[in-house]
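Survey of secondary and tertiary structure
Now for the letters of each chain:
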Amino acid sequence: MNNSDIKFNINIFYIPILFVFLMWGVKIYEIIYNISFVSYGVFPKELKGLRGVLFSPFIHKDIYHLVNNSYPILILGSILFFFYKKIARQIFFWLFFTTGLWLWSIGRPSLHIGASGIIYALASFIFVSGLIRKNPKLSAVSLIVVFLYGGLFWGVLPIDIEISWEGHLSGFLAGILIAIFYKKEGPPDKKYEWEIEEDLETHL
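Computed from a predicted model, the values in this text were never measured in an experiment. (Residues numbered from 1 in each chain as written. Predicted model: local features only at pLDDT ≥ 70, side-chain atom pairs only at ≥ 80, totals over all residues. Heavy atoms only, no water.)

Description of the overall build of the protein chain
In terms of regular secondary structure, the protein chain is built from eight helices and zero strands. Listing each helix as α and each strand as β along the protein chain from the N terminus yields α-α-α-α-α-α-α-α. Looking at the 204 residues of the protein chain, the share that counts as buried comes to 41%. About 12,100 Å² of surface is accessible on the protein chain, with carbon and sulfur atoms providing 69% of the total. (Helix = DSSP H or I, 4+ residues; strand = E, 2+ residues; numbered from the N terminus. Buried < 20%, exposed > 50% of the residue type's maximum accessible area, 1.4 Å probe, protein only. Areas by Shrake-Rupley, 256 points an atom, 1.4 Å probe, with all protein chains shown as cover.)

Written as structure tokens, this is what we have:
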């Protein structure tokens, strides 16, 4: 393995690991100093609540909540950076802020915290990308996402009032929208043999 391979592998995990590191850092700080940052969550339709768009994904109710949001961020984030490489940061940026802004627009008048909206955004983006592209590897990944996190899609429904289903729905819709927007960028579409023959005939 050469240096470029090592650098490539590090780049895949850099942003997801940094994201999770910040999540854990916030919780450890809360525990050590016996404080809570819940007030920095998204509070829909209030100007002050907009700060939660930036801060809320790093704030969690307890360790259980934090652990449950950590490993999906690592797995799905790494998948995103593996397949989309150079534009993955752009995609992650738009998933992050679109999810938060939509939550601020449609959420109940309550404080919303946690990274689950980002998880839904990543999952739906990867899944929809796998459907709209003729890329077998990405399609296979989309099936894995559905298998591993398929249960998450029930979270977009107002079944449990203790859970921010609005955040889940916002992330889910953001992932779909951005997957469509970036449908012509990222991993190349696979052309089937009959399509290649048609292209050759067109250029003859």
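Section: the pattern of salt bridges
Applying the stated criterion across every chain yields a total of two salt bridges. Linking Lys-27 and Glu-30 is a salt bridge whose minimum nitrogen-to-oxygen distance equals 2.9 Å. Residue Lys-27 and its partner Glu-30 are located together in helix 1 (residues 3-33), separated by three residues, close to a single helical turn. There is no split in this pair, since Lys-27 and Glu-30 are both buried. (Salt bridge = Lys/Arg side-chain N within 4 Å of Asp/Glu carboxyl O.)

Description of the layout of surface pockets
Taken as a whole, the largest pocket encloses approximately 1,100 Å³ of empty space. Around the largest pocket, the lining comprises 46 residues; the ones closest to its centre are His-65, Ser-116, Ile-163, Ser-164 and His-168. Of all the secondary structure elements, the ones that give two or more residues to the lining of the largest pocket are helix 2 (51-55), helix 3 (63-84), helix 4 (88-106), helix 5 (116-132), helix 6 (136-149) and helix 7 (165-181). Sort the elements by how many residues they give to the lining of the largest pocket and helix 3 lands first, with six residues. (1 Å grid on protein atoms, 1.4 Å probe; cavity = no way out; pocket = protein on both sides within 12 Å on 5 of 7 lines; lining within 4 Å. Points joined across faces, edges and corners; volume = space filled by probe spheres on them.)

Some words on the side chain of Glu-30
Exposure remark for Glu-30: the relative accessible area of 4% places this residue in the buried category. At a separation of 2.9 Å, a polar atom in the side chain of Glu-30 contacts the side chain of Lys-27. Non-local contacts of Glu-30, meaning those with residues more than four positions away in its chain, are made with Ile-35, Ser-36, Phe-37, Val-38, Ile-59 and His-60. (Polar contact = N/O pair within 3.5 Å; in protein donor to acceptor, adjacent residues only side chain to side chain. Contact = heavy atoms within 4.5 Å.)

Quick word on helix 4
A rise of 1.5 Å per residue sets the reference length of helix 4, with its 19 residues, at 27 Å; its end C-alpha atoms lie 27 Å apart and thus fit the reference within 8%. Turning to helix 4, its buried residues number three or more, namely Ala-88, Ile-91, Phe-92, Leu-95, Phe-96, Thr-98, Thr-99, Gly-100 and Leu-103. (Expected span 1.5 Å × (residues − 1).)

A closer look at helix 3
Taking 1.5 Å of rise per residue, 22 residues should cover 32 Å, and helix 3 covers 31 Å from first to last C-alpha, within 8% of that figure. Its side-chain oxygen placed 3.3 Å from the backbone nitrogen of Tyr-64, Asp-62 serves as the N-cap of helix 3. Lys-85 lies just past helix 3 and shows a positive phi near 40 degrees.

Points about the side chain of Ser-164
By secondary structure assignment, the location of Ser-164 is in the loop between helix 6 and helix 7. Of the residues examined, Ser-164 reaches a relative accessible area of 17% and is grouped as buried. Non-local contacts of Ser-164, meaning those with residues more than four positions away in its chain, are made with Leu-103, Arg-108 and His-112.

Comments concerning the packing of aromatic side chains
The tally for this structure, following the rule as stated, stands at 15 aromatic pairs. Between Tyr-29 and Phe-37 the ring centres are 5.9 Å apart and the planes differ by 25 degrees, which places this aromatic pair in the stacked class. Through a chain of ring-to-ring contacts, the aromatic side chains of Phe-19, Phe-58, Phe-81, Phe-92, Phe-93, Trp-94, Phe-96 and Phe-97 assemble into a single cluster. Over the aromatic face of Tyr-40 sits the side chain of Arg-51, whose NZ or CZ is 4.2 Å from the ring centroid. Looking at Lys-85, its charged tip hangs above the ring of Phe-82, at a distance of 5.4 Å from the centre. (Phe/Tyr/Trp six-rings, centres within 6.5 Å; stacked < 30°, edge-to-face > 60°. Lys NZ or Arg CZ within 6 Å of the ring centre and 35° of its normal.)

What to know about the nonpolar core
By size, the foremost hydrophobic cluster in this structure holds 36 residues, and its most contacted members are Phe-19, Leu-80, Tyr-84, Ile-91, Phe-92 and Phe-125. Within the residue set of this core, elements represented by two or more residues are helix 1, helix 3, helix 4, helix 5, helix 6 and helix 7. (Core = buried A, V, L, I, M, F, W, Y, C linked by side-chain atoms within 4.5 Å.)

Concerning unusual backbone geometry
For Asn-34, which is not glycine, the phi dihedral falls at a positive 50 degrees. With respect to the helices and strands, the residue Asn-34 is situated in the loop between helix 1 and helix 2. Relative accessible area serves as the criterion here: at 72%, Asn-34 is assigned to the exposed category.

All quantities given are derived from atomic positions and should not be read as evidence of function.
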